[in-house]
Amino acid sequence: MSRLIIVSNRLPVSVARQDDTLTFQPSAGGVATGIGSLAQPTERLWFGWPGIASDRLGSTHKHQITEGLDEHGCKPIFLSSAEMRDYYFGFANRTIWPLFHYFTQYTVFNETYWRAYRNVNEHFCRDMLPLLKPDDRIWVHDYQLMLLPEMLRAKRPDAEIGFFLHIPFPSFELLRLLPWRRELLEGMLGADLIGFHEYEYVRHFLSSVYRISDYEPHLSQLMVHNRLVRVDAFPMGIDYQRFAESSRKPEVLREIDKIKPNEGRQLIISVDRLDYTKGILKRLEAYDWFLKQYPEYRKKVSLVVVAVPSRTKVDVYNELREQIEQIVGHINGEYGTLNWTPISYMYRSLPFDRLAALYALADVALITPLRDGMNLVAKEYVACQQDKEHPGILILSEMAGAASELAEAVVINPHDKEAIAAALRQALEMPQAERLRRNRMMQRRLSRYTVARWADDFIQTLDEVKTKQHVHGPAPLRGERRQKLIHTYQAAPQRLMFLDYDGTLVGFVKQPQEARPDAELIDTLKTLLADPANHIVIISGRDRETLTHWFGDLNITLIAEHGAYIRDTEGDWVAQVNPDNEWKEMTRPILELYVDRTPGAFIEEKTFSLVWHCRRSEPDLADLRAQELKDALMGMTANLNIGVFEGAKIVEVKHIGVNKGQAVLPWISRQQWPFIFVAGNDYTDEDMFGVMPENAFTCKIGPGPSRAHYRLNTVSDFRTLLAAMAAHCPRSET
Ligand code: GDG
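Residues numbered from 1 in each chain as written. Predicted model: local features only at pLDDT ≥ 70, side-chain atom pairs only at ≥ 80, totals over all residues. Heavy atoms only, no water.

What to know about the side chain of Arg542
Inclusion rule: The helix and strand labels rest on DSSP assignments: H or I over at least four residues marks a helix, E over at least two residues marks a strand, and numbering proceeds from the N terminus. The rule is simple: take the accessible area with a 1.4 Å probe, protein chains only, and divide by the maximum for that residue type; under 20% is buried, over 50% is exposed, in between is partly exposed. By the convention used here, residues are in contact when the closest approach between their heavy atoms is within 4.5 Å.
Within the element layout of this structure, Arg542 appears in the loop between β19 (534–539) and α20 (544–551). Under the relative-accessibility criterion, Arg542 is labelled buried at 9%. Non-local contacts of Arg542, meaning those with residues more than four positions away in its chain, are made with Tyr501, Asp502, Pro512, Gln513, Ala515, Leu547, Trp550, Ala560, Glu561 and Lys606.

What follows is the structure in C-alpha cells.
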C-alpha cells in the first residue's frame, strides 16, 4: 500500500510547552479531516513545523517532540525563530499573502525574505528525502511551500507529487510585479497535479505560466520537460456531518442556552481570522450605514464579531486590530443604549462547541472578504442551519471562492456598503419559504462535495495523471537507455549524426542572431570531429551565410534552410531545388500586415521561405494573429507549390519540396550505418525522425509530442550527452 505524505507549514498537532512538560493537542483542521476520511484507507505521514522555534528547544525536547509526534503520524521540521521571521512572517505573509490577495500596498519585496523562503523550502526537502519511499504519494500544501515540489522533483524525478494552493492565484498583472515570479511558477510545476479552489485561479495560473515560463498549456495540461502536468480546480469542502449534527450535541445545546439573545432580537454573526483580506473594516462600516439608514432595526439586531488573532508579528495586523476596535467603539457609542449593545466583539478563538452554537443560532452570517481563496466559515454556517423552521441566511462576498458554489446566498460586493445594508435588510425580512429553498439547495451541494470527497478527488486525479505520464510520448533518455546509446556509439566503426541547431545545440534567445555557438560547444564538436569514425551534419533552418560564419572552419557537413542547401565537408553550397520565388512577392504584403498588427513580430527571409516570428509578442495576441495569418495565407497559396506551416511562435511559408526529411535521405539510403543519432526540437525535425531506419537513436529535445524514440528535457541535458560521447573520442592533434 503506497503511503500518503502530507507537507504543510504547520502540523495538525500543536505542541505546547509549560515549564518542562510538553503536550500534544491534535487540531481538527479541514485538511486533516479530509485526509482522515479518505475512501481508500491509506497510511499517512505528515511533515510540518511543530509550533515552537528550534532555538528555544534543547536536544532532549526535540527528541521528545519527535517521539510524541510520531504517535500522531507526524514528523517535525524544526525551524528557528530567525527562519520563521524571514520565511513565514517575511516572504510568506508580507510578500505572497498580500500580493496574491491583491493588496499590493502591503506587499514587501525583500531579498533577505526571499532567500529565507528558498532556504526553508530546501530545509523541508532535505529533512523529507531520507524518509521517502519510492511509491509514496506526496501532497504539498499552500503558499508557504511553493518551491518544494520542484526541489523534491530534482531529487526524485519519478515521484508522485501533488500541490494545492489554499489562497487565490492572482492575475498575471499582479504576479508579474514579483521579482521571483518565475521561480515560484517553476517550483509549483515540479508537481504532477496542481490544484486550486476555483477555476478562476486555474485560468490565472495557466495564463501566467504561458507568459512567464517557457511552457505552453493546452486546456488544463502542459508538458514540463518530459512530464505531463495537470492543473485543475478542486473546491475544498467541509466535514458536513460534524457541523450539521453539532446542534444536537448536549455541549452545543448548553452553549446555545447561554448565548441566546433576548426574545425577538435577531443575531448577525461575523467570524474570521483578523486579517485585512477578510474585509472586517468595510463590514463594520456597512453595519454602521445599515443602522443609520434603517433606524427601525436598532435594538432589533445584534452583531457578534469574532476576530481570531492571527500573524500578530506583522505590523499591519496590529494596526488593523486597532482600527477595528475603534470602529466597534464608535458604533457602540453612537447607537448603544443601557440594554442594547449593537456589537459584541471578541478578539480570541472560540472553542468548537461555542462556535457551533453561534453558527446554529445566527439569523444572518455576514461574510464579506475582499478576497478569499475559498472561505470555509460560510460553508460551516450553512451546514449548521438544520432542523430550523426559520433557517438563517448567508450574506457572502462575491470575492470569496465559495461564492461560485453558494450561489443561493445573498451575494454582494464587499466594497459596496449600501448593497451590504440592503442585503442585511433582505436577509432579515426574507420569507420562510425562500429561506428554506435557498438553504436546502446549498446544503445538498455541501453534503455531497465534502472535505473527504475533495481529498479523494485530488488523490485520484493525481494517480490518473501519473498513469497517463507513463504512456505519453518518447522515453526519457537516461539510465539503461542512455548506457545503451553510449555503448552502441563506442562499438560502432562508422557513425552518422544529424544535429539541429536552435533549441537543440543552443537555447532560444529573443534575437535569433544572438544564438551564436559558444566556445564550449565548438570545443565539443571539434573533439567529436577529430574521430574519423564520426560524420556530423548540422541541419538547420538558418541561412547559408550564418552557418558558414559559425561553422565554416570545421570539418563538418552543413544543411541550411531546412534542406534547401547542402555544403559538404569541403566544397560549396549546392541548391537542392530550383528557386522559383514569385510566391514571395504575393505573400509578403500579408506577412507585413501581420507584423504591423502584432507589436514585437518580425519577418525573416530565407531563400526558400518567409518566416513570421512572434516570440516577442504578447502571447494571446500572438496566438490570435498566427491563426488569422495562417487562414489568410492558406486561401492564397492553395494553388501554388508552397505550404504554410505553424511552429513554435512562427508561421512559415515555404517551398513544398524542401524539408529536413528529404534532405537527409541521401545519407541513409547510400549505406547502412551501425550508429545513427538524430536530435531536434521542433516540427521541422519530425520530418527527419520520420524517415530514419529503426536502429537510429532519434531524440526530441524538450516537451511536446514527437515521433522520436527518446527525449531529453533541455539543451543542457543534450550537451551533457554530446560531451559524454566526445569523451570517448581521440583528441585532435592541433
Ligand atoms: C485559508 C484561506 C480557505 C474560525 N474562527 C474560529 C474557528 N475558525 C475556523 C473555521 C474555519 C477556519 O477556522 C477558517 O477557514 P477559512 O476558510 O474561513 O479561512 P482561512 O483561515 O483564511 O483559510 C481560505 C482555507 O484556507 C482552506 O483552504 O478557505 O480562503 O484563506 O474552519 O471554523 N475555529 C474555532 N474557533 C474560532 O473562533 N474553533
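Anyway, onward from the coordinates.
Things to note about the pattern of salt bridges
So the rule is basically this: What makes a salt bridge here is a side-chain nitrogen of Lys or Arg within 4 Å of a carboxyl oxygen of Asp or Glu, nothing more.
Using the criterion set out here, one finds 40 salt bridges in the structure. With its nearest N and O atoms 3.1 Å apart, the salt bridge here joins Arg495 to Asp531. Here Arg495 is found in strand β18 (residues 495–499), whereas its partner Asp531 is found in the loop between α19 (519–529) and β19, with 36 residues between them in sequence. Looking at Arg495, the relative accessible area reads 5%, which means it is buried. We classify Asp531 as buried; its relative accessible area is 8%.

Observations concerning the packing of α19 against helix α25 (residues 715–726)
Just so we agree on the cut-off: Axis lines are fitted to C-alpha atoms, over the contacting stretch for helices. Their N-to-C directions set the angle, which ranges from 0 to 180 degrees. Crossings are classed by handedness, with left-handed meaning an anticlockwise turn of the near helix from the far one by less than a right angle and right-handed meaning a clockwise turn. Ten residue types, Ala, Val, Leu, Ile, Met, Phe, Trp, Tyr, Cys and Pro, are classed as nonpolar, four, Asp, Glu, Lys and Arg, as charged, and the remainder, Gly among them, as polar.
Two elements in contact, α19 and α25, have axes separated by 9 Å at closest approach and are oriented at 35°. The interaxial crossing formed by α19 with α25 has left-handed handedness. Contact with α19, carried on its side by Glu520, Leu521, Thr524, Thr527 and Leu528, involves Arg719, Leu722, Ala723, Met725 and Ala726 of α25 and no other residues of that element. A breakdown of the residues in the contact of α19 with α25 according to their chemical character gives six nonpolar, two polar and two charged.

Digging into the sheet that holds β19
In plain terms, the rule: Each pair of strands is called paired provided DSSP finds at least two bridges between the two strands.
Here we have nine strands laid out as an open sheet, ordered β17-β29-β28-β27-β18-β19-β20-β21-β22, and mixed in their pairing. Two strands lie at the open edges of the sheet, namely β17 (475–476) and β22 (573–575), each paired on one side alone. Summarising the sheet, strand β28 (residues 697–701) and strand β29 (residues 710–712) pair through three bridges and their orientation is parallel. Paired with Ile701 across the two strands is Leu712, which belongs to β29. Running at roughly 165° to β19, helix α23 (residues 660–670) makes contact with β18, β19, β20 (557–560), β21 (565–567) and β27 (675–680) of the sheet.

Some points on helix α22 (residues 619–637)
What counts is decided by this rule: One fewer than the residue count of a helix, multiplied by 1.5 Å, yields its expected span. Our arc is simply the arc of the directions from the helix axis toward the C-beta atoms. Nitrogen and oxygen atoms within 3.5 Å of one another constitute a polar contact, given that in protein one can donate a hydrogen and the other can accept it, and given that sequence-neighbouring residues count only through two side-chain atoms.
Between its first and last C-alpha, α22 extends 26 Å over 19 residues, near the 27 Å set by a 1.5 Å rise per residue. Along α22, the positions that sit buried rather than exposed are Pro619, Ala622, Arg625, Ala626, Leu629, Lys630, Leu633 and Thr637. Looking straight down α22, one finds its buried side chains confined to an arc of 145°; they lie on one side. Exposed residues lying more than 90 degrees from the buried face of α22 are Asp631 and Gly635. Lining the buried residues of α22 we find α8 (199–212), α21 (582–596), β24 (609–613), β25 (642–647) and β26 (650–655). Here α22 starts with a cap whose side-chain oxygen sits 3.1 Å from the backbone nitrogen of Asp620, and that cap is Glu618.

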